[in-house]
Amino acid sequence: MLRRSVLASLLLAPLAGDAQVTITAPGAVPPGQASRASDANYGPPRVADLDAIVISDGYQRAHVITEGEASQFQSGQYWTLRNGGSTVLIIPGREFDASDLDKVIGHRAEVRGIVRLIREKQYVNGVDLDLIEDLTLPPLPPPMFDSGWPRISITAFAIRDREYPGRTPRKEMADGIAGQILDDPASYVGKKTRVYGQFRGRNLYGDLPAGSARAKNDWVLKDGETAIWESGKEPKGQGWKFDLDYMGDTKNWLEVEGKPEVANGVVYLKASLVLPAKAPDTESPERPRR
């Protein structure tokens, strides 16, 4: 009985008031800690197909980036993300603006968040087990599978409209990914990854060691404090093109998708997709005038 009372005291103590719950605000980076609270609690996100998340048991409580078609499920409370026959329930995170989900309804959207299996509700001394296991996440709804509810959920930290990239705030979707690749190559090498950063041309600012490019038309993207070499695709698309040797184009920002590798402390990304992106705190991506 004494052991049970001590356990109850430990479990209930963090829940006594909001002032005792510490959640790192977006953009606040305590010394020695991860740049995002989600990274500190669950590690850096990994890109995953929605089908794999639904089918595999290996994604429980994993920090992921995935995409599918967004739909409203319960107005103002829950949404879904669907890809083919796979559907997950989207739950807004505690510091996530749920109205951003309404902006992508009917669109293909990219979501970053934590995967959790929806299960029978369990309580320890009257405290929801969800709150004990994941204090920074909202509790899961009870299972209602007979009513068509998904069995898997993702608690969203960030959302990105894949059809109209400038419409939805990025919400730090991929900040610091380049640095995370260097810190933990095994989690990223050979896997499809998205990196957001500033175009730096043909290493025009010396961000990377001289002679470290692998091909003549490789170019540099700088993500935070880390720069990486991009290859496989030129920085251009319909109606826009950046010049590898023109410093005026380095004011622009890009989002690049591809498979990374690390050699001699340098990240190389073989790009399969290159998109113009918004610079921080601007309304729309800048494009070079020709």
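Quick caveat: nothing in here was measured; it's all calculated off a predicted structure.

**What to know about the environment of Leu221**
Phase 1: On the secondary structure map, Leu221 appears in strand 10 (residues 219–223).
Phase 2: It is 8.7 Å that separates the C-alpha atoms of Leu221 and Asn203, two residues lying 18 residues apart in sequence.

**A few points about the side chain of Glu255**
Phase 1: Within the secondary structure, Glu255 sits in strand 14 (residues 253–263).
Phase 2: The class for Glu255 is buried, based on a relative accessible area of 6%.
Phase 3: If we ignore the near neighbours within four places in the chain, the residues touching Glu255 are Glu110, Arg160, Arg162, Arg194, Val195, Tyr196, Leu273, Val274, Leu275 and Ala277.

**With respect to the packing of aromatic side chains**
Phase 1: Using the criterion set out here, one finds six aromatic pairs in the structure.
Phase 2: Both rings, one in Tyr78 and one in Trp149, keep their centres 5.5 Å apart while their planes meet at 70°; by these two values the pair is edge-to-face. You can see Tyr78 sitting in strand 3 (residues 78–83) and its partner Trp149 sitting in the loop between helix 5 (129–133) and strand 8 (152–161), a full 71 residues away along the chain.
Phase 3: Residue Tyr78 is classed as buried on the basis of its relative accessible area of 9%.
Phase 4: The buried category is assigned to Trp149, whose relative accessible area is 9%.
Phase 5: Joined through ring pairs, the aromatic side chains of Phe199, Trp219, Trp240 and Phe242 make up one cluster.
Phase 6: Its end group placed over the ring of Phe145, Arg151 keeps NZ or CZ at 4.0 Å from the ring centre.
Phase 7: Its end group placed over the ring of Tyr268, Arg214 keeps NZ or CZ at 3.9 Å from the ring centre.

**Details of unusual backbone geometry**
Phase 1: Unusually for a residue other than glycine, Arg61 sits at a positive phi of about 65°.
Phase 2: By secondary structure assignment, the location of Arg61 is in the loop between helix 3 (50–55) and strand 2 (63–74).
Phase 3: We classify Arg61 as partly exposed; its relative accessible area is 35%.
Phase 4: Although it is not a glycine, Asn203 sits at a positive phi angle of roughly 60°.

**Let's talk about the pairing of strand 9 (residues 193–199)**
Phase 1: Where burial is concerned, most of strand 9 is hidden: six out of the seven residues are buried.
Phase 2: Across six bridges, strand 9 lies against strand 14 in antiparallel orientation. Bridge pairing in strand 14 links Thr193 to Gly258.
Phase 3: Two elements, strand 9 and strand 10, share two bridges in a ladder whose sense is antiparallel. Its bridge partner being in strand 10, Gln198 is matched across the sheet by Lys222.

**Looking at the nonpolar core**
Phase 1: Core analysis: the biggest nonpolar cluster contains 21 residues, and Ile53, Val64, Leu81, Ile90 and Ile154 have the highest contact counts within it.
Phase 2: With four residues, the top contributor of residues to this core is strand 8.
Phase 3: Residues in contact with Val64, not counting those within four places in the same chain, are Pro45, Arg46, Ala48, Ile53, Tyr59, Val111, Arg112, Gly113, Val115 and Ile154.
Phase 4: Counting residues in each nonpolar core, the second largest holds 18 residues, with Trp219, Ile228, Val267 and Val274 among its members.

**Description of the environment of Asn203**
Phase 1: Assignment of secondary structure puts Asn203 in the loop between strand 9 and strand 10.
Phase 2: Considered as a pair, Asn203 and Lys222 are 19 residues apart in the sequence and their alpha carbons are 9.9 Å apart.
Phase 3: Setting aside residues no more than four positions away along its own chain, Asn203 makes contact with Leu208, Pro209, Val220 and Trp229.
Phase 4: Side-chain polar atoms of Asn203 contact the backbone nitrogen of Asp207, separated by 3.0 Å.

**Notes on the pairing of strand 8**
Phase 1: In terms of burial, strand 8 is a largely internal element, nine of the ten residues being buried.
Phase 2: Judged from the four bridges that link them, strand 4 (residues 86–92) and strand 8 form a sheet pairing that is parallel. Looking at the pairing, Ile90 lines up with Ile154 of strand 8.
Phase 3: By the bridge criterion, nine bridges tie strand 5 (residues 108–117) to strand 8 in an arrangement that is antiparallel. The partner of Glu110 across the bridge, within strand 8, is Arg160.

Cut-offs used in this document
- Residues numbered from 1 in each chain as written.
- Predicted model: local features only at pLDDT ≥ 70, side-chain atom pairs only at ≥ 80, totals over all residues.
- Heavy atoms only, no water.
- Helix = DSSP H or I, 4+ residues; strand = E, 2+ residues; numbered from the N terminus.
- Buried < 20%, exposed > 50% of the residue type's maximum accessible area, 1.4 Å probe, protein only.
- Contact = heavy atoms within 4.5 Å.
- Phe/Tyr/Trp six-rings, centres within 6.5 Å; stacked < 30°, edge-to-face > 60°.
- Lys NZ or Arg CZ within 6 Å of the ring centre and 35° of its normal.
- Pairing = 2+ DSSP bridges.
- Core = buried A, V, L, I, M, F, W, Y, C linked by side-chain atoms within 4.5 Å.
- Polar contact = N/O pair within 3.5 Å; in protein donor to acceptor, adjacent residues only side chain to side chain.

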